[in-house]
Amino acid sequence: MSVQVRRSPLRSFGKLCAILFYLCFALFPIYWLVKISVTPDQLVYTEGTKLWPSTATLGNFGKVIFQTDFLIFFRNSLFVSLSTAAVTTLIAAAGGYAFSRFEFSGKRILVALLLLTQMFPLLMIIAPIYRIVAALGLLNSLPSLILVYTAFNIPFATFLMQSFFDGIPKDLEDAAMMDGCSRFQALRKVILPLTLPGLGATLGFIFTAAWSEILFALMLIRSNDAMTFPVGLLTFVSKFSVDWGQMMAAGVLALVPSCIFFIFIQKYLVQGLTSGAVKG
Amino acid sequence: MARLELRDIGKSYGTMEVLRDINLSVADGEFIVLVGPSGCGKSTLLRMIAGLEPITHGELLIDGRRMNDAAPRDRDIAMVFQSYALYPHMDVARNMGFSMEIRGARAEERRSKVAAAAKTLGLDVLTERLPKALSGGQRQRVAMGRAIVRDPQAFLFDEPLSNLDAALRVEMRLEIARLHHRLGATMVYVTHDQVEALTLADRIVVMNGGIVQQVGTPLELYDTPANRFVAQFIGSPTMNVLPASREGGDVRLSNGALISLEGLEGPVAELGIRPEHLDLADPDNATFTGSADVVEHLGSDTNIYAQIDGIGPLMVRQHGHVALRAGDRLGIVVQPERVHAFDATGARINS
Amino acid sequence: MTTFTNKAPGGTRARTSLYWRYLVEPYLYLTPAILLIALVMLFPLIVGISYSFQTVNLLHLDKGGWAGLSNYADLWADRKFWLALENTLVWTFGSVFFQFTLGLGLALLLNTRFPGRRVFQALVFLPWAVPTFLTALIWAWLFNPVIGPLPHWLAAVGALSEPYNILGDPELAIWGPITANIWYGVPFFAITLLAALQSIPSELYEAAEIDGATAWQSFTKITLPFLAPMIAITVMLRTIWIANFADLIFIMTAGGPANSTQILSTYVFTTAFKKLDFGYASTIAVALLGLLFIYAALVLALRRKFVKV
Ligand SMILES: Nc1ncnc2c1ncn2[C@@H]1O[C@H](COP(=O)(O)OP(=O)(O)O)[C@@H](O)[C@H]1O
Ligand SMILES: [Mg+2]
């Protein structure tokens, strides 16, 4: 697949430079986050802009975890993101299965509708959503966030799941039905086990999306004990605006779950994003 | 075992009609082969019998009971797929026993049946492998084993051998023939390979463009094809077809030769002559004269591609060795009792 | 459906049951998705559009009711709206241009062979996994002269007269979020373009090489034409997405200083979030939607004209 390039020293050098440039550009900000998070408080102002502090500490992490509301935020976010990912994946798997396996009237319209929801500004509905949620008395509740996030992510997840189902031969289902399965049994016993990697990738995508959503969370959640991580971190920023080490430590901790999922879904990125579903 | 009856079966996708007026009854224990060029609707018909594809029109009866709306699992039919469709996440034994697992059979009953089937198919040492660790031939056997284990009323095969190499194909063809002999089950077998059709079938159904062209035993199709399509589809090498016209009770060819045929009804447009029903003769009193274009020596037979004066290309097959070389002059005579006459629509018009 | 009309004689309900299953079954699987999208996205969308014709302000609930086109009249006269529109263009096209250029470069690089390519790919794609709020915070910190190195470096190369925070400078502030956005978005373009690159049959390159094409000729004569349709659609979708993308700016500058980084989508959000003026927020949103619609129609028309597929 790769392009064979004739070797010339100049070209190799250029390529090396490009590789280094992209590496530095991608990693430097993350490196900086980690660096400040391990810089002791008293050194931040004197050595804040040095490449590495003269002494490093993990004290900031301890303080963030034990002396702030960090754990509450973290737990809320984990709950919201995991629930969103689970519910969305379930619903999207059903929808993707229907798109992959059936020809039916209205299919084109539905696909167009789902694509459309990927286009319009989501902020457009922030006001109506707020009023509806408020009218239902669900402000400051995590389930309302889960509901909203699930709906937002369903279109993308459905297309993603469809591409995974499309990769499984239809003959397998037919064979299972000949072997005595109902369509649903065929789905459960034959198709689902084969889609597990796809389900995992979808879970990962949705988890990351829900984990980083902030604007709707800001709007719908105002009380401290229902705040998700991004919202909570923003309050950190205004409250502890001098305590750089703690904020960065919290930031590093926020990065961990996303990165774990990222490593898992990395190899599906190219596959998933080429199959008609194009979204950040 | 089961009788199948197809009455006026038709199939459309939207406004596109892919099958029309299919009437066929399959006797208990009969081996029926559906042949036809690719895209003629064989798989669709098979899948409608299986219940995997809804029937647009007509009726399907199994043992006299109407089955149009029965789900596949209620029809008690097994199917072997062209792609084998083995479950990639199950080992050979579980693949073969899956249908019993679904029906809730006891584990030891399952195991003994799977073991028996695996033994007949020579798979006993492979039962713990996953499909991806099997060769093409072994996969094919597992797919057959999966069908056998169920002990169904009828077997359906959709081009089961087309993904195998030539030698394996012959071997598996024999295996299927033996299987049919042993089980005595009703079988419907789809192929586009006429050799498979001729060797396996009790009766063959020739299809083209979604329509049944002829149903008959292999010899009936060979000896009295109903139309030009069947005549050319069945038999190898392909039948020669020459333009012709009727002259009284005889038929005149474009080189002027006159052939007398029995039982002619209606105007003649073409004559069909199988290569093996032509004989080499002295050019002076032959029906056709011309020169050899290419000569293929196959050992048991000799194929001669000739250029006939006033007609064009003609193929002749002779038994054994013929001392003929490209460029040689030759004469050819016809066995008139084995000539087929077709009218302008392609229908056969002699008895 | 014709299937129902040409029933065979003696047709009963059972006769249609298989069809019924084939027609209705997919909707059983799709119902949850359709319901949720209708309730949580489409219905509020319609409500939101209707808000733009009403006075809806949670701080002044007494003054509700239909307001005709007065919101739109206010919008037309709103200097901040026009400024935000201008900023939206800078933000969107600035981000897309650099994301695309750098993303294409990265994709081409990843499409070659070199030792450690897989690890390299995982590392350079990493920014895409960083939650957006964290991306915003990290870059805000990097631009802060107290703890971030960027102002010092910029001053050292003479781009800034002294190390100060450009996020506080109305002239330069918008380039802060744009930089963060480029960092965040390059992997996306690289991934999509890489996938497209890998779908180009390698025989094409081999044939070109046998015909004596240089690497540059292969690039312009094979790679680009092959990628063009993909590029057109990706860039269009991405442009729309970025125009709607308010998170980075809201967290880094909240539209300030002096509205110099306010784009339409952040303007929608701050109007709804801080002023609770839902009527006016919806009006801005409808305007944004209309502009995006025009843009998409324009791009599709151009594409039809220039890309022959
Ligand atoms: N799902 C479908 N939708 C529309 N047309 C189809 C569908 N499945 C098969 N066909 C058409 O029906 C015809 C018969 O197909 P098939 O039964 O697979 O042929 P065969 O097995 O004889 O090669 C073909 O022309 C094919 O294009
Ligand atoms: Mg077929």
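Rules of the game
- Residues numbered from 1 in each chain as written.
- Chains lettered and ligands numbered in written order.
- Predicted model: local features only at pLDDT ≥ 70, side-chain atom pairs only at ≥ 80, totals over all residues.
- Heavy atoms only, no water.
- Helix = DSSP H or I, 4+ residues; strand = E, 2+ residues; numbered from the N terminus.
- Rg over C-alpha atoms; globule rule 2.2 N^0.38 Å.
- Contact = heavy atoms within 4.5 Å.
- Areas by Shrake-Rupley, 256 points an atom, 1.4 Å probe, with all protein chains shown as cover.
- Buried area = accessible area lost by both parts, 1.4 Å probe.
- Salt bridge = Lys/Arg side-chain N within 4 Å of Asp/Glu carboxyl O.
- Polar contact = N/O pair within 3.5 Å; in protein donor to acceptor, adjacent residues only side chain to side chain.
- Nonpolar A, V, L, I, M, F, W, Y, C, P; charged D, E, K, R; others polar.
- Near = heavy atom within 4 Å.
- Axes fitted to C-alpha atoms, helices over the stretch in contact; angles between N-to-C directions.
- Parallel < 35°, antiparallel > 145°, perpendicular 65-115°, else oblique.
- Left-handed = near helix turned anticlockwise from the far one by under 90°.
- Domains from an automatic or database assignment.
- Pairing = 2+ DSSP bridges.
- Buried < 20%, exposed > 50% of the residue type's maximum accessible area, 1.4 Å probe, protein only.
- Lys, Arg positive; Asp, Glu negative; His and termini not counted.
- Patch = residues over 30% accessible without salt bridge, like charges linked within 9 Å, V, L, I, M, F, W, Y side chains within 5 Å.

How do you make sense of the overall build of chain C when you look at a structure like this?
A tally of helices and strands in chain C yields 13 helices and two strands. Against the 2.2 N^0.38 benchmark of 19 Å for 309 residues, chain C shows a C-alpha radius of gyration of 26 Å, more extended than a compact globule. If you line up chain C on its principal axes, its C-alpha atoms span 90 × 75 × 35 Å. Sequence separation of at least 24 residues holds for 64% of the intrachain contacts in chain C that already meet a minimum separation of 6. Only carbon and sulfur atoms are counted for the fraction: they give 69% of the accessible area of chain C, which is about 13,900 Å².

Is there a simple way to think about the interface of chain B and chain A in this case?
Buried accessible area, meaning the area lost when the parts come together, often serves as the stated size of an interface. If you look at the interface, chain B gives 23 residues, while chain A gives 16 residues. Of the roughly 1,700 Å² buried at the junction of chain B and chain A (both faces included), carbon and sulfur atoms supply 65%. For the interface between chain B and chain A, the tally reads two salt bridges. Across the pair B:Arg47 and A:Asp174 runs a salt bridge, and its minimum N-O distance is 2.7 Å. Viewed at the interface, chain A and chain B are joined by eight residue pairs in polar contact (both at pLDDT 80 or more). Those elements giving two or more residues to the side of chain B that touches chain A turn out to be α1 (42-50), β6 (77-80), α2 (92-102) and α4 (136-150) of chain B. Residues belonging to the side of chain B that touches chain A are distributed by class as follows: 14 nonpolar, three polar and six charged.

Can you help me understand the pattern of salt bridges in this one?
Pairing of side chains with opposite charge becomes possible as their charged atoms draw close. Residues and elements named next belong to chain B. One pass over the structure, following the stated rule, counts 24 salt bridges over all chains. A salt bridge links Glu-17 to Arg-20, with the shortest nitrogen-to-oxygen separation between them at 3.7 Å. Arg-20 is the partner of Asp-21 in a salt bridge, and the nearest nitrogen-oxygen pair spans 3.9 Å. Each of Glu-5, Arg-7, Glu-59, Arg-66 and Asp-69 takes part in salt bridges that share partners, so that together they form one network.

Could you clarify how one ought to interpret the interface of chain C and chain A in this entry?
Contact residues are listed per partner, giving 95 residues for chain C and 94 residues for chain A. Regarding the contact of chain C and chain A, the summed buried area is about 8,800 Å², with carbon and sulfur atoms giving 80% of it. Sorting the residues of chain C by area buried against chain A places C:Tyr29, C:Met41 and C:Ile147 first, and these three jointly supply 9% of that buried surface. Across the contact surface, chain C and chain A share one salt bridge. Among the elements that take part in the side of chain C that touches chain A, helix α2 (residues 13-51) of chain C stands out by supplying 21 residues, more than any other.

Even after reading the chapter, I still don't get the site of ligand 1, so can you show me in this structure?
Residue and element names in this part refer to chain B. All residues adjacent to ligand 1 are Tyr-13, Met-16, Val-18, Ser-38, Gly-39, Cys-40, Gly-41, Lys-42, Ser-43 and Thr-44. Within the backbone of Gly-41, one N or O atom sits 3.0 Å away from an oxygen atom of ligand 1. At 2.5 Å from an oxygen atom of ligand 1 is found a side-chain nitrogen or oxygen belonging to Ser-43. In isolation ligand 1 exposes 560 Å². Once the protein is present, 58% of that is buried. Looking at the shell around ligand 1, the elements that each hand over two or more residues are β2 (16-26) and α1. Examining the composition of the shell around ligand 1, we find that three residues originate from one element, α1, more than from any other. The residue inventory of the shell around ligand 1, partitioned by class, reads four nonpolar, five polar and one charged.

Whenever I open this one, the packing of α2(B) against α4(B) confuses me. Can you help?
Axes are the key here: two packed helices are described by the angle between their axes and the distance separating the axes. Residues and elements named next belong to chain B. It is the contact of α2 with α4, at a shortest axis distance of 8 Å, that shows an interaxial angle of 30°. Our classification of the angle between α2 and α4 gives roughly parallel. Relative to α4, α2 is oriented so that their crossing is right-handed. Between α2 and α4, the contacting residues are Val-92, Asn-95, Met-96, Ser-99 and Met-100 on the first element and Val-142, Gly-145, Arg-146, Val-149 and Arg-150 on the second.

Would you mind going over the domain arrangement of chain C with me for this structure?
Each domain of chain C was delimited in the assignment, giving domain 1 (1-40) and domain 2 (71-306). Taking only C-alpha atoms, the centre of domain 1 of chain C and the centre of domain 2 of chain C are 44 Å apart.

Teacher, can you tell me more about the sheet that holds strand β14 (residues 270-273) of chain B here?
Residue and element names in this part refer to chain B. Sheet architecture is open: five strands sit in the order β13-β12-β11-β14-β20, paired in antiparallel fashion. Strands at the two margins of the open sheet, each flanked by one partner only, are β13 (258-260) and β20 (340-342). This sheet shows a mean twist of 40° between the axes of neighbouring strands, independent of strand direction.

Is there a simple way to think about the side chain of B:Glu196 in this case?
All names here are of chain B. With respect to the element layout, Glu-196 can be found in helix α6 (residues 194-200). Arg-169 provides the closest opposite charge to the buried, salt-bridge-free Glu-196, at an N-O distance of 4.8 Å. With residues near it in sequence (within four places) discarded, Glu-196 still touches Leu-161, Arg-169, Arg-173, Tyr-189, Thr-191 and Ala-201.

Please explain a nonpolar patch on the surface as it appears in this structure.
Residues and elements named next belong to chain C. Together, Val-90, Phe-97, Phe-98, Leu-172 and Trp-175 make up an exposed nonpolar region whose accessible area comes to about 430 Å². The greatest single-element share of the nonpolar patch, amounting to three residues, is contributed by helix α4 (residues 79-110). Within the secondary structure layout, Leu-172 lies in the loop between α7 (150-156) and α8 (175-198). The partly exposed category is assigned to Leu-172, whose relative accessible area is 31%.

Help me out: how do you make sense of the pairing of strand β12 (residues 250-253) of chain B in this one?
Taken residue by residue, a regular strand's side chains alternate between the two faces of the sheet. Residue and element names in this part refer to chain B. Going residue by residue along β12, you find Val-251 and Leu-253 tucked away on one face and Asp-250 and Arg-252 left uncovered on the opposite face. Pairing between strand β11 (residues 240-247) and β12: four bridges, direction antiparallel. Note on β12: the bridge partner recorded for Glu-247 is Asp-250. The loop that links β11 with its antiparallel partner β12 comprises two residues; one of these, Gly-248, has a positive phi angle of about 65°. The pairing of β12 with β13 spans three bridges and is classified as antiparallel. Paired with Asp-250 across the bridge in β13 is Ser-260. Hairpin connection of β12 to β13: four residues between the antiparallel strands, including Gly-256 at a positive phi of 100°.

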